Amino acid sequence: MAGNSARRNRRNPGSKKGASVGTGGHSRKALQGKGPTPPASARKGHIKQRQANASVKREMDAKSRAGMRRSGGGGRGGRGGAGAAELVVGRNSVVEALIGGVPATALYVMQFIDTDDRVREAFQAANERGIPLMEAPRPQLDQMTSGLNHQGLVLQVPPYEYAHPEDLLGVAADLGQDALIMALDGVTDSRNLGAVVRSAAAFGAHGVVIPERRAAGMTAGAWKTSSGAAARLRVARATNLTRALEAYQKAGCLVVGLAADGEAEVGELEALTGPVVIVAGSEGKGLSRLVSETCDIRVRIPMPGATESLNAGVAAGIVLYEAARLRARTS
């Protein structure tokens, strides 16, 4: 009888009598913590998340209607030229964009996401910047990103609002300064564009001009490389760069092209103290023929080393520094 009772107790762990059978450690994982509680805007069903979702939907609907109005009208090429919203995907990329100050309208988070340090960093950064968190099922994120490996995080970046090239002259006039403008011809690397924007802001330029086609735009990568300078400096987009340079010449600006075979060295160019537009080309091709012919003068950067050319970001930084140095000396 005693043996039968012991067997019954082993089969029934809830019995108050006799030894009970343990879990063998199978439930140990259930005792582990799940990390800090996510913000209210990231918790499913919470009123703050519903409010954030409704706010983002209203904003996106308004931008969609505005985009339809812009696409249906004429106007001068380049003014307010907003494109489609950009998506930053993947945990590392999203965190870097959030910390780097890249503008964002929403952070999409996959339902039932496994939280790790990067996910928690993304939640914290988005919460600090007031960016709404939108919960979405995996199929929706897969469709949004065209099947890219989003790892459960997708950051929506709004279209960049470009200035018109003429607006940069207005910035200089408002400050009572001679215009110092940087233009890029055929630069297709967004990181190069971001580096130029950063140098232009550091050395007191009034803006950067880029072509509308076959050139890098103000993407999340350019924003991140600019290290916040893109929030302080206007970037204009020209439908036709050659015509934009001619308009600057008519407004009294000297157009200076950077070329390895330029007729003057940059250190000899006293004209940098007046209203000037500096044009840099791509590292491989340099200035295009029409742009080169439009320039009033072409200058070279002396390089005693074996390097044949510099990328646009480095070349722009050198010439903008020289312009800032000469202007400080004559002011």
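To be clear, the structure that these remarks concern was listed above.
Here goes a summary of the coordinates provided.

Procedures and definitions
Residues numbered from 1 in each chain as written. Predicted model: local features only at pLDDT ≥ 70, side-chain atom pairs only at ≥ 80, totals over all residues. Heavy atoms only, no water. Pairing = 2+ DSSP bridges. Helix = DSSP H or I, 4+ residues; strand = E, 2+ residues; numbered from the N terminus. Axes fitted to C-alpha atoms, helices over the stretch in contact; angles between N-to-C directions. Contact = heavy atoms within 4.5 Å. Buried < 20%, exposed > 50% of the residue type's maximum accessible area, 1.4 Å probe, protein only. Right-handed = clockwise from strand over helix to strand, strands pointing away. Arc of directions from axis to C-beta. Parallel < 35°, antiparallel > 145°, perpendicular 65-115°, else oblique. Left-handed = near helix turned anticlockwise from the far one by under 90°. Nonpolar A, V, L, I, M, F, W, Y, C, P; charged D, E, K, R; others polar. Salt bridge = Lys/Arg side-chain N within 4 Å of Asp/Glu carboxyl O. Expected span 1.5 Å × (residues − 1). Polar contact = N/O pair within 3.5 Å; in protein donor to acceptor, adjacent residues only side chain to side chain. Phe/Tyr/Trp six-rings, centres within 6.5 Å; stacked < 30°, edge-to-face > 60°.

### So, the sheet that holds strand β4 (residues 153-157)
One open sheet accounts for four strands, arranged β1-β4-β2-β3; its pairing is mixed. Because the sheet does not close on itself, it has two edges, and the strands there are β1 (86-89) and β3 (133-136). Taken over all neighbouring pairs, the strand axes of this sheet differ in orientation by 25° on average, direction set aside. Across four bridges, the pairing between β1 and β4 is antiparallel. The partner of Leu87 across the bridge, within β4, is Gln156.

### Concerning the sheet that holds strand β9 (residues 264-265)
If you walk across this open sheet you meet the seven strands as β7-β6-β5-β10-β8-β11-β9, and the pairing is parallel. At either end of the open sheet lies a strand with only one pairing partner, and these are β7 (235-238) and β9. Alignment of strand β8 (residues 254-258) against strand β10 (residues 276-281), held across four bridges, turns out to be parallel. Bridged to Val256 within β10 is Ile278. Sitting on the sheet, helix α7 (residues 190-202) touches β5 (180-185), β6 (207-211) and β7, and the angle it makes with β6 is about 155°. Together, β5, β8 and β10 form the strand contacts of helix α11 (residues 312-330), whose direction differs from that of β5 by roughly 165°.

### Notes on the pairing of β6
Most of β6 is tucked away: five of the five residues are buried. In this fold, β5 hands off to α7, which returns the chain to β6; that crossover is right-handed. In terms of strand pairing, β6 meets β7 through four bridges, oriented parallel. Pairing of Val209 across the sheet is with Ala236, part of β7.

### Here we look at helix α9 (residues 241-250)
Among the residues of α9, Leu241, Thr242, Ala244, Leu245 and Tyr248 are the ones counted as buried. The buried residues of α9 all sit within an arc of 160° when viewed along its axis, so they share a single face. Away from its buried face, by an angle of more than 90 degrees, α9 presents the exposed residues Arg243 and Lys250. With its phi angle positive at about 100°, Gly252 sits one or two positions after the end of α9.

### A look at the packing of helix α3 (residues 91-99) against helix α4 (residues 117-129)
Between two packed helices, what matters for the description is the angle formed by their axes and the separation of those axes. Taken N-terminus to C-terminus, the directions of α3 and α4 make an angle of 30°; their axes are 9 Å apart at the nearest point. Considered as vectors, α3 and α4 are oriented roughly parallel to each other. The chirality of how α3 crosses α4 is left-handed. Here Arg91, Asn92, Val94, Val95, Glu96, Ala97, Leu98 and Ile99 of α3 lie close against α4, whose contacting residues are Arg118, Val119, Glu121, Ala122, Ala125, Ala126 and Arg129. Broken down by class, the residue content of the contact of α3 with α4 amounts to nine nonpolar, one polar and five charged.

### Notes on the pattern of salt bridges
This structure, assessed with the given rule, holds 11 salt bridges. Notably, a salt bridge pairs Glu265 with Arg300, separated by 3.8 Å at the nearest N-O pair. Linking Glu265 in strand β9 with Arg300 in strand β11 (residues 297-300), this pair joins segments that are 35 residues apart in sequence. Arg300 sits in the partly exposed class, given a relative accessible area of 28%.

### Focus on α4
For α4, spanning 13 residues, the distance from its first C-alpha to its last is 18 Å, which sits close to the expected 18 Å at 1.5 Å a residue. When α4 is considered as a whole, its buried residues turn out to be Val119, Ala122, Phe123, Ala125 and Ala126. Where α4 is buried, its residues contact α3, β2 (106-110), β3 and β4. Measuring from the backbone nitrogen of Arg118 back to the side-chain oxygen at the start of α4 gives 3.2 Å, which picks out Asp116 as the cap. One or two residues past the end of α4 sits Gly130, with phi positive at roughly 70°.

### Examining the environment of Thr115
Tracing the backbone through its elements, the reader meets Thr115 in the loop between β2 and α4. Thr115 gets classed as partly exposed once you look at its relative accessible area, which sits at 37%. Distance in space between the C-alpha atoms of Thr115 and Gly152 is 9.7 Å, their sequence separation being 37 residues.

### Regarding the packing of aromatic side chains
Counting across every chain of the model gives three aromatic pairs. Linked through ring pairs, Tyr160, Tyr162 and Trp223 together constitute an aromatic cluster.

### A few points about unusual backbone geometry
Of note, Gln151 is a non-glycine position whose phi angle comes to about 55°, a positive value. Structurally, the position occupied by Gln151 is in the loop between α5 (138-144) and β4.

### What to know about the pairing of β8
Across the five residues that make up β8, a large majority, four, are buried. Pairing of β8 with β11, which is carried by three bridges, proceeds in the parallel orientation. Along β11, the bridge assignment pairs Gly257 with Arg298.

Structural measurements only, silent on function.
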